[in-house]
Amino acid sequence: MTLVIFLGSSNFQHVFSSTDESSSGQLSSPLSSSLASSDQPSSSTVITSNDSLNNNAAGLETFETGMEAENKNNWIFVNHDILGTRNSNQTEIGKSNIDNLEVKWRLNNTFEIQEPPIIVGNTGYFQDYIGNIISFDTTNGDINWKLETGGGPTMGLYYSNGAIYATVGTEAKIISIDAENGEIIWESPALGDTSLGYAINSPPLLWKDYVLAGSGGSGLPPGEGYVKGNITALNKTTGYIIWNIDTTAGEWVDDEKNPPNGGATAWSGGSIDPDTGIAYIPLGSASPNFNASTRLTPNLYSNHMVAVDIPSGNIIWATPFIAHGTVLDIDVPDSHDWDASWGSSVSNVRFDNGTVKKVVIGHDKAGNLIAMDAISGKEIWWTTLGKQIGTEKLPSPEGTGMTWSHGVYNFHAVDNDTLYITSTNRGLNFFTDGISGHKEAPDESIEQGLVNGTIYAIELKNGNVKWKIDTEYPPRVSPMISNEILYTGYIEFGNNERNGIVLALDKDTGEKLWEYNVDASISPVGPSIGNEMLFIPTEKVNVDGDNNDDEDEEEEIGGSIVAFGLK
């Protein structure tokens, strides 16, 4: 394996290439060329009952990317397609008739619905907060079937060729389901030790006959901090494990560490270039979260975007967001849980000199936004969204004082030459408690100290802002593009109630075209569109007691899908 390090005044990122089949998945440290092999992230190929499985997997081409002509009016993945664009080619709903949108029906659910429904023809599918997978009729919201998996929360489904692929979060498994009747086709083995808090929450990624699963599991706090990140590839036809890559490396995760350090989990999904079979997956922060005293050496590969060659299981490059000597430099490893997270996208971008490159977009909870060359991982441009106050202060027993940053807490969308993203202004005071710590939010905020924020349209080629809209409340709603319209929203809060305001904006100017209050907090994973309808997933629904049959007791509606169609 060869290691190439690019050094520059504003960039430090590293690229890996392999010329030796036996080195599959092994990374050298970008900060120390003398790490022993035991310090490298490991990759293992798992022997299954079919010895030829691994060789056959790459040759099977039957899978859907979401970009096919027949999927024009469908939404087959949490972010619409394998490229992570959140961009639908449907043409039924547009600027000329957006004012004619009305609520057609509302599917109420006992539990929160975090993700937009998958839409295939007149059938929709979603997974709720505790893991139930539900199929419904998009024309009226009637339920077709329901599968209780017993494991949540999760972040989305994938549909391909008549099958639904889903995660069973707390069981740490992937399952394949017959989309017609909800029967399980196969169930993977547990991909990690659930007794340590290991989970699979991220949406599955598909390419050819591979299903990719990213690790989850809370750091310390709120979890125990034992989970070390990994990425696993399964056979799409059988569910057998093909390979597994550890995403931690170095002294900071030595086995003798007591208590152990962990993190660098792939909890939020990613994107895939279907032409090359390379997956782009962000990795979260290191654990313990708010005290770096047990992990002062480089925390590889937390807070990185990694590029994984799917057939071989090689990590071919890893670009850091926050680390020693990098683009976004810090004095010590991350102690604010800045997570590189909420997926990625890959797009063809034309630059001013006429060249076209594939560009990967990634971001983190500090509001750092980086465009990377998809082939090399080299930074093309980077920017920090919003204004940061006090983020350089390290947690202590007395706290940092209130720190503020405009972090990214949801997926983004891309369309031709433009990136659409929301940043949410977060205030937190970080404390250390022994080897870990805690955080305190300001008054007049919602979870994670979220207060308000900004909706951005940004040029993909250079990071320049085309337009932006500041919002009084948190715009924690993943943007979506369709037929010249940008859909997003924000969460009004106060008086022990939350309201989600859906926005339809002109994608070129930001002009507001339409809005609607869905009487519930819109889920951060955002909307989907398909079969001539717009679908909004929500959390707890505000219920007016005056409308209930029982005047003494309000009905509890944990979540819902609100379906809009044209009059």
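How each quantity is defined
- Residues numbered from 1 in each chain as written.
- Predicted model: local features only at pLDDT ≥ 70, side-chain atom pairs only at ≥ 80, totals over all residues.
- Heavy atoms only, no water.
- Pairing = 2+ DSSP bridges.
- Helix = DSSP H or I, 4+ residues; strand = E, 2+ residues; numbered from the N terminus.
- Phe/Tyr/Trp six-rings, centres within 6.5 Å; stacked < 30°, edge-to-face > 60°.
- Buried < 20%, exposed > 50% of the residue type's maximum accessible area, 1.4 Å probe, protein only.
- Salt bridge = Lys/Arg side-chain N within 4 Å of Asp/Glu carboxyl O.
- Core = buried A, V, L, I, M, F, W, Y, C linked by side-chain atoms within 4.5 Å.
- Contact = heavy atoms within 4.5 Å.
- Axes fitted to C-alpha atoms, helices over the stretch in contact; angles between N-to-C directions.
- Patch = residues over 30% accessible without salt bridge, like charges linked within 9 Å, V, L, I, M, F, W, Y side chains within 5 Å.
- Areas by Shrake-Rupley, 256 points an atom, 1.4 Å probe, with all protein chains shown as cover.
- pLDDT = per-residue confidence, 0-100.
- Lys, Arg positive; Asp, Glu negative; His and termini not counted.
- Polar contact = N/O pair within 3.5 Å; in protein donor to acceptor, adjacent residues only side chain to side chain.

(A) Molecular detail of the pairing of strand 25 (residues 356-363). Pairing of strand 24 (residues 345-350) with strand 25 involves 6 bridges; the strand directions are antiparallel. Opposite Val346, over in strand 25, you have Val360 as the bridge partner. Once strand 24 ends, the chain turns through 5 residues before running back antiparallel as strand 25, passing Gly354 with a positive phi of about 95°.

(B) Molecular detail of the packing of aromatic side chains. The full count for this structure, using the stated rule, is 19 aromatic pairs. Residues Trp514 and Tyr516 carry aromatic rings whose centres are separated by 6.2 Å and whose planes lie at 20° to one another, so their mutual orientation is stacked. We classify Trp514 as buried; its relative accessible area is 9%. Following the ring pairs from residue to residue traces out a cluster consisting of Trp105, Phe126, Phe136 and Phe535.

(C) Broad picture of the pattern of salt bridges. Following the criterion strictly, the structure yields 17 salt bridges and no others. The salt bridge partner of Asp506 is Lys95, with a shortest N-O separation of 2.8 Å. With Asp506 in strand 36 (residues 497-506) and Lys95 in the loop between strand 4 (87-88) and strand 5 (101-109), the pair connects residues that are 411 residues apart, well separated along the chain. Taking the shortest distance from any N to any O, the salt bridge between Lys365 and Asp339 comes out at 3.2 Å. Placement of the pair is Lys365 in the loop between strand 25 and strand 26 (368-373) and Asp339 in the loop between strand 23 (314-320) and strand 24, with a sequence separation of 26 residues. Asp339 matches Lys365 in its accessibility class, with the two residues each being buried.

(D) View of the nonpolar core. If you look at the biggest cluster of nonpolar residues, it comprises 108 residues, and the most contacted ones within it are Tyr280 and Tyr487. Per element, the largest residue contribution to this core is 5 residues, and it comes from strand 11 (residues 163-168). Each residue touching Tyr280, except ones within four places of it in the same chain, is listed here: Gly270, Ser271, Asp273, Met305, Val306, Ala307, Trp317, Ser344, Val346, Val360 and Ala374. Counting 16 residues, the second-largest nonpolar core is a separate cluster that includes Tyr409, Tyr420, Ile455 and Tyr490.

(E) Summary view of the sheet that holds strand 11. Taken together, 4 strands build an open sheet; the order of strands is 10-11-12-13 and the sheet is antiparallel. Only two strands of the sheet have a single neighbouring strand rather than two, namely strand 10 (158-160) and strand 13 (184-187). Sheet twist, expressed as the mean angle between neighbouring strand axes with direction ignored, is 25°.

(F) Quick look at the sheet that holds strand 35 (residues 485-494). Spatially, 5 strands are ordered 4-34-35-36-37 in an open sheet, and the strand pairing comes out mixed. Where the open sheet ends on each side, the last strands, each with one partner, are strand 4 and strand 37 (512-517). Strand direction decides the pairing type here: strand 35 and strand 36, joined by 10 bridges, are antiparallel. Paired with Tyr490 across the strands is Ile501, a residue of strand 36.

(G) Main features of unusual backbone geometry. Omega for the peptide link from Gly152 to Pro153 comes to -5°, which places this bond in the cis form. The residue Pro153 is located in the loop between strand 9 (143-147) and strand 10 in this model. Geometrically, the link from Leu300 to Tyr301 is a cis peptide bond, its omega value of 0° lying close to zero. Structurally, Tyr301 can be placed in the loop between strand 21 (286-287) and strand 22 (304-309). Here Asn161, not a glycine, exhibits a phi torsion of approximately 50°, which is positive. Of note, Asn161 is situated in the loop between strand 10 and strand 11. Asn161 sits in the partly exposed class, given a relative accessible area of 43%.

(H) Spatial organisation of a nonpolar patch on the surface. Together, Phe111, Tyr129 and Ile130 make up an exposed nonpolar region whose accessible area comes to about 230 Å². With respect to the helices and strands, the residue Tyr129 is situated in the loop between strand 7 (123-127) and strand 8 (133-137). Residue Tyr129 is classed as partly exposed on the basis of its relative accessible area of 36%.

(I) Main features of the confidence of the model for the chain. With 86% of its residues at a pLDDT of 70 or more, the chain has an overall mean of 87. Overall, residues 1-41 carries pLDDT values under 50, and its contacts beyond four positions in sequence, including any with other chains, amount to 100 contacts. Counting contacts from residues 545-553, a segment whose pLDDT is below 50, to residues more than four positions away or on other chains yields 5 contacts.

(J) Representation of the side chain of Arg426. Along the polypeptide, Arg426 turns up in strand 30 (residues 418-433). Buried within the structure, Arg426 lacks any salt-bridge partner; its nearest side chain of opposite charge belongs to Asp337, at an N-O separation of 5.5 Å. At a separation of 2.8 Å, a polar atom in the side chain of Arg426 contacts the side chain of Tyr409. When residues no more than four places from it in sequence are discounted, the contact partners of Arg426 are His336, Trp338, Thr403, Trp404, Ser405, Tyr409, Gln448, Gly449 and Leu450.

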